[in-house]
Amino acid sequence: LGYGCHIMAGFRRLPSSVVPRSYDLRLHPDLTHLTFSGHENVNVEVREEVREVKMNSADIAITSATFQCAKGELVGKTEYNVEEETVVITFSDVLPVGSGKLSLDFNGELNDKLKGFYRSKYTHPNGEQRYAAVTKFEPTDCRRAFPCWDEPSVKATFDITLVAPKDRVALSNMPVIEEKDHESDPSLKVVRFGRSPIMSTYLVAFIVGEYDYIEDRSPDGVLVRVYTPLGKQEQGRFAMEVALKTLPFYKEYFGIAYPLPKLDLIAISEFSSGAMENWGLITYRPALQLISVCVCM
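(A) Inspection of the overall build of the chain at higher detail. Looking only at helices and strands, one finds 1 helix and 19 strands in the chain. Relative to a compact globule of 297 residues, whose C-alpha radius of gyration would be 19 Å, the chain shows 20 Å and is just as compact. For the chain, the C-alpha atoms occupy an extent of roughly 75 × 45 × 40 Å along the three principal directions. Put simply, the chain has 297 residues, and 48% of those count as buried. Carbon and sulfur atoms form 51% of the exposed surface of the chain, whose accessible area is close to 14,900 Å². Taken as two groups, the 33 positive and 40 negative side-chain charges of the chain have centres that lie 1 Å from each other.

This is how it looks when you write it as structure tokens:
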């Protein structure tokens, strides 16, 4: 078992009758009330006729569930199993074999458990205590950010959109492909990221907060950024130097080039692990990423 893993009594894997192929996810963290709301469209493959879909979900309230298929739109009812951290969505008719789209509206809390989609407290340079919204999904906490098939073998692509204050940084696994004003609130922006490769849920990541950064490019043209707390970007120079040397080293050693167009490394003020290898957005404890270089005479 990996670090931090445990086995629940009577554990069973999710049914394979309905499996995801792609997630289209929009999340809006509220950094004042420390909550979040979300909407997701999941393109799924129905492998056998069933009336229900079983997913992982923990500490999330689903407020609407529908399924689009050849029969039209079916409305679902939810039933939670807190111990299993699952939700069963039962629909008004049998889901036909083939492709379909599961649409969910939901909300949750930016928790203080250092896992899932949680709040990270930091001190602004002016002395004020503030919060960022950050993620830590390994081993099985993606289910605390959005309902999903939270098992490493059940892979899919992810299209992520974040709604964030205009004065905050919004990050995810992939580069930003569109940023625009919010439809109704002029203080907010809507940031859309590119589609991820096919990957496990525990590697998904997204962050909204205040950060400075430095950037450079690897010999292969990968954009590398090191994000730091405000005013500490110079303490990210060593991490940048190591990243720029590591990418070509691994390419030569393994014979495989880094497959994404960007690599972000970010220091998070409250973080339970040393680091987490989210694809394209690696998160660290500040003590393991930031170095203050002192030249002594």
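(B) Highlighting the sheet that holds strand 17 (residues 262–267). Strand order in this open sheet of 5 strands is 15-16-17-19-18, and the pairing throughout is mixed. For this open sheet the edge positions go to strand 15 (212–217) and strand 18 (275–276), each flanked by a neighbour on one side alone. As defined by bridge partners, strand 18 adjoins strand 19 (residues 281–284) across 2 bridges and the pair is classed as antiparallel. Residue pairing across strands places Ala 275 opposite Tyr 284, the latter belonging to strand 19. Packing of helix 1 (residues 237–254) onto the sheet brings it into contact with strand 15, strand 16 (223–228) and strand 17, and relative to strand 16 it is tilted by some 155 degrees.

(C) Geometry of the pairing of strand 6 (residues 86–95). When strand 3 (residues 50–56) meets strand 6, the two strands line up antiparallel, connected through 6 bridges. Bridge pairing in strand 6 links Glu 52 to Thr 90. Across 6 bridges, strand 5 (residues 72–81) lies against strand 6 in antiparallel orientation. Directly across from Gly 76, in strand 6, lies its bridge partner Phe 91.

(D) Structural detail: the pairing of strand 8 (residues 116–123). With 6 of 8 residues buried, strand 8 lies mostly within the body of the structure. As paired elements, strand 8 and strand 9 (residues 129–136) share 8 bridges and run antiparallel to each other. Of the residues in strand 9, the one forming a bridge with Lys 121 is Tyr 131. Here strand 8 folds back onto strand 9, and the loop between the two strands holds 5 residues, one of which, Gly 127, carries a positive phi near 95 degrees.

(E) Local environment of helix 1. With 18 residues, helix 1 extends 26 Å between its outermost C-alpha atoms, agreeing within 8% with the 26 Å of an ideal straight helix rising 1.5 Å per residue. Within helix 1, the full set of buried residues consists of Ala 239, Met 240, Ala 243, Leu 244 and Leu 247. Looking at the packing, one finds that the buried side of helix 1 touches strand 15, strand 16 and strand 17.

(F) Main features of unusual backbone geometry. The residue after Glu 138, namely Pro 139, is reached through a cis peptide bond having omega 5 degrees. By the element assignment, Pro 139 lies in the loop between strand 9 and strand 10 (157–165). We note that Glu 85 has phi near 60 degrees; this positive angle belongs to a residue other than glycine. Within the element layout of this structure, Glu 85 appears in the loop between strand 5 and strand 6. Taking the relative accessible area as the measure of exposure, Glu 85 reaches 16% and is therefore buried. Phi is positive for Leu 114, which is not a glycine, with a value near 60 degrees.

About the thresholds
Residues numbered from 1 in each chain as written. Predicted model: local features only at pLDDT ≥ 70, side-chain atom pairs only at ≥ 80, totals over all residues. Heavy atoms only, no water. Helix = DSSP H or I, 4+ residues; strand = E, 2+ residues; numbered from the N terminus. Rg over C-alpha atoms; globule rule 2.2 N^0.38 Å. Buried < 20%, exposed > 50% of the residue type's maximum accessible area, 1.4 Å probe, protein only. Areas by Shrake-Rupley, 256 points an atom, 1.4 Å probe, with all protein chains shown as cover. Lys, Arg positive; Asp, Glu negative; His and termini not counted. Charge placed at Lys NZ, Arg CZ, Asp CG, Glu CD. Pairing = 2+ DSSP bridges. Contact = heavy atoms within 4.5 Å. Axes fitted to C-alpha atoms, helices over the stretch in contact; angles between N-to-C directions. Expected span 1.5 Å × (residues − 1).

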